[in-house]
Every structure is written in structure tokens, then in C-alpha cells.
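Below, each chain spelled out in residue letters.
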Amino acid sequence: MVGPDSRDKRRDGIPRWSALGLVAALVVTVAVAGCARVPGVYVVEKPGSRAAAQDGAFDATAYAAGIWSAKVVPTVLAKAVEAETVLKAVKADPAEAGKKYGRQTGTGSPYAVMIKGAGKVLSVAKSTGAGQLQVDLNPPDGKADLNIAIGPVFLGTALRDAVGFIDFGQFTNQVDYAGAATALNSEVRQKVVAPVDLGTAEGRTVTFAGAFQLLDPKNIVVTPAQLEIS
């Protein structure tokens, strides 16, 4: 006669629940690993957390430095649309403006739009990590039209997504894809914003070119690839 304990064991003595648990764990492991190659499965990565690349690992810093001056900046300068044109279109119909002037990296992702212009700096907000210049575009009317990110924290992936030659399929996984965006934002911090005298920017003219993600039509925040105060 077979007792309850005997029914819960295989002939090799391994509890049946242990075998089932092992299979389930393997399935979960494979599923999670597979997600790394699926756009839309996002990994949160803090800036600077990948300070050095291990042998054979993706070096986001070197990648961004290699394409910044050679490809990113020239692309933005050549293809950015005048701010007045873009904002007028966004105000009329954000969805259509995104389709016409922007680039979408995946279904449901925000449009990334390259933009350029000039205007008067109304204020310099550095009270938070994600500082901004509040800009009244030319011809000035005393009202803020958009903001320009000045860091030191830069949010989003606008430059990576807008330029058109950086795609998820070029990277091994989502972490490397996200790392590329973070490293490009570091280039902005070091090469675009750092040389600018922000302490005397208020009331002066700013000329810029960059990109923004069309998340909130009433709050346009441009990540600059070029920034000049005169």
C-alpha cells in the first residue's frame, strides 16, 4: 500500500514539488533574460553607475564620445526645425506635429523632435538637479515658450531617439541602449553646458539647437547639442 509520503516522491527519492519548482525557476530565468532584447522592457540605470567597461562589455562613454562631434552635433544642426514652426504645429495638433517633425522609436513611445532657435533667457532655474533655462523665443513677448535643460541631471532620451541613426537593434540589450542615452547626456553636460556662463545668462540672448521628447505640449524641455549665450 502506498502512503501519502510515497505519493509525493519520485522513484529517485527527489520530492516531486522540488522538481516542479526547478522547472518553474528555469522558465522564469529564461523569460527574464529574453526581456533584455525586447524594446519597451526598461532598465533603470543611474548616471555614472557604469564607470568602467569590463573586457568585452559595451563602453557607453566611448560610444558617445565617438559619435558626438562626428555625427550627433552635425545631424542636429542640419536637421533641426525652427522653434517657431515646431511650437506652432505642436499647439495646433501635438500628434500630427510629432509625426511630421519627430521620430518615434517604438509603438507608444514619445516622439523625439530636433529643434533650433534663439530667444531671451527669462530665468535660470538651478534649484533642482534638472536645471533649466526659461526662454522667450524671438521676437520676445515676455512669455516663456520653452525650457532648455542645463543639468547637472539630464532626463530622458531625446538626443538618442531624435537623431535617427541610433536604434535598439544595434545594441546587445536594453541596458546598453539606455547606457548610450545616459552617455550622450553626459556629453551635453561636459561639452555643451559646462562652457557656458550660466551665472550671467538671465536677460541675455540664447541660441540653441537640440531635441525634446513630446511628452507634454505645454512643457517643452530641450536637451541642447549646441548652446550659446550672447
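Given the structure is predicted, the values throughout are model-derived calculations rather than measurements.

A look at the overall build of the protein
Here comes step 1: Helix and strand content of the protein: 7 helices and 7 strands.
Here comes step 2: For the protein, the sequential pattern of α-helices and β-strands runs α-α-α-β-α-α-β-β-β-β-α-α-β-β.
Here comes step 3: The buried share among the 230 residues of the protein stands at 36%.
Here comes step 4: Just so you have it, the protein exposes about 13200 Å², and 56% of that area is on carbon and sulfur atoms.

Observations regarding the pattern of salt bridges
Here comes step 1: Overall, the coordinates contain 4 salt bridges when judged by the stated rule.
Here comes step 2: Close ionic contact of Glu96 with Lys99 constitutes a salt bridge, the shortest N to O distance being 3.9 Å. With Glu96 and Lys99 both in helix α5 (residues 94-101) and 3 residues apart, this pair spans about one turn of that helix.

Some details on the packing of aromatic side chains
Here comes step 1: Counted under the stated rule, the structure contains 5 aromatic pairs.
Here comes step 2: Between Phe168 and Tyr177, the ring centres sit 5.4 Å apart and the planes meet at 80°, which makes this aromatic pair edge-to-face. As far as burial versus exposure is concerned, Phe168 and Tyr177 are alike and both buried.
Here comes step 3: With a centroid separation of 5.6 Å and 50° between ring planes, the pair formed by Phe171 and Tyr177 is classed as tilted. Tyr177 shares its class with Phe171; the two are buried.
Here comes step 4: By way of ring pairs, the aromatic residues Phe58, Tyr63, Phe168, Phe171 and Tyr177 are connected into one cluster.
Here comes step 5: One residue, Lys71, lies across the ring of Phe165, its end atom 4.2 Å from the ring centre.
Here comes step 6: When the ring centre of Tyr177 is taken as origin, the NZ or CZ atom of Arg160, which lies over that ring, is 3.6 Å away.

Concerning the nonpolar core
Here comes step 1: Counting 56 residues, the largest nonpolar core has Trp68, Leu133, Leu146, Phe208 and Leu227 as its most contacted members.
Here comes step 2: Filtering out sequence-adjacent residues up to four positions away, Phe208 remains in contact with Ala83, Ile115, Lys116, Gly117, Ala118, Leu137, Leu146, Ile148, Val222, Gln226 and Leu227.

Some words on the layout of surface pockets
Here comes step 1: Put simply, the second largest pocket is a space of about 450 Å³.
Here comes step 2: In terms of lining, the second largest pocket is formed by 16 residues, of which the most central are Leu87, Lys88, Lys91, Ala144 and Asp145.
Here comes step 3: For the lining of the second largest pocket, the leading source of residues is helix α4 (residues 83-92), giving 5 residues.

Brief notes about the side chain of Thr223
Here comes step 1: The topology assignment puts Thr223 in strand β7 (residues 221-229).
Here comes step 2: Among all residues touching Thr223, those that are not within four sequence positions of it are Ala149, Phe154, Leu155, Ala158, Leu159, Asn185, Val188, Gly210 and Ala211.

Quick look at helix α7 (residues 174-193)
Because an α-helix packs 3.6 residues into every turn, residues spaced three or four apart end up facing the same way.
Here comes step 1: A rise of 1.5 Å per residue sets the reference length of α7, with its 20 residues, at 28 Å; its end C-alpha atoms lie 27 Å apart and thus fit the reference within 8%.
Here comes step 2: Within α7, 15 of the 20 residues are buried, leaving the element largely enclosed by the surrounding structure.
Here comes step 3: With a side-chain oxygen positioned 3.1 Å from the backbone nitrogen of Val175, the residue opening α7 is Asn173.

Here is what the cut-offs are and how they apply
Residues numbered from 1 in each chain as written. Predicted model: local features only at pLDDT ≥ 70, side-chain atom pairs only at ≥ 80, totals over all residues. Heavy atoms only, no water. Helix = DSSP H or I, 4+ residues; strand = E, 2+ residues; numbered from the N terminus. Buried < 20%, exposed > 50% of the residue type's maximum accessible area, 1.4 Å probe, protein only. Areas by Shrake-Rupley, 256 points an atom, 1.4 Å probe, with all protein chains shown as cover. Salt bridge = Lys/Arg side-chain N within 4 Å of Asp/Glu carboxyl O. Phe/Tyr/Trp six-rings, centres within 6.5 Å; stacked < 30°, edge-to-face > 60°. Lys NZ or Arg CZ within 6 Å of the ring centre and 35° of its normal. Core = buried A, V, L, I, M, F, W, Y, C linked by side-chain atoms within 4.5 Å. Contact = heavy atoms within 4.5 Å. 1 Å grid on protein atoms, 1.4 Å probe; cavity = no way out; pocket = protein on both sides within 12 Å on 5 of 7 lines; lining within 4 Å. Points joined across faces, edges and corners; volume = space filled by probe spheres on them. Expected span 1.5 Å × (residues − 1). Polar contact = N/O pair within 3.5 Å; in protein donor to acceptor, adjacent residues only side chain to side chain.

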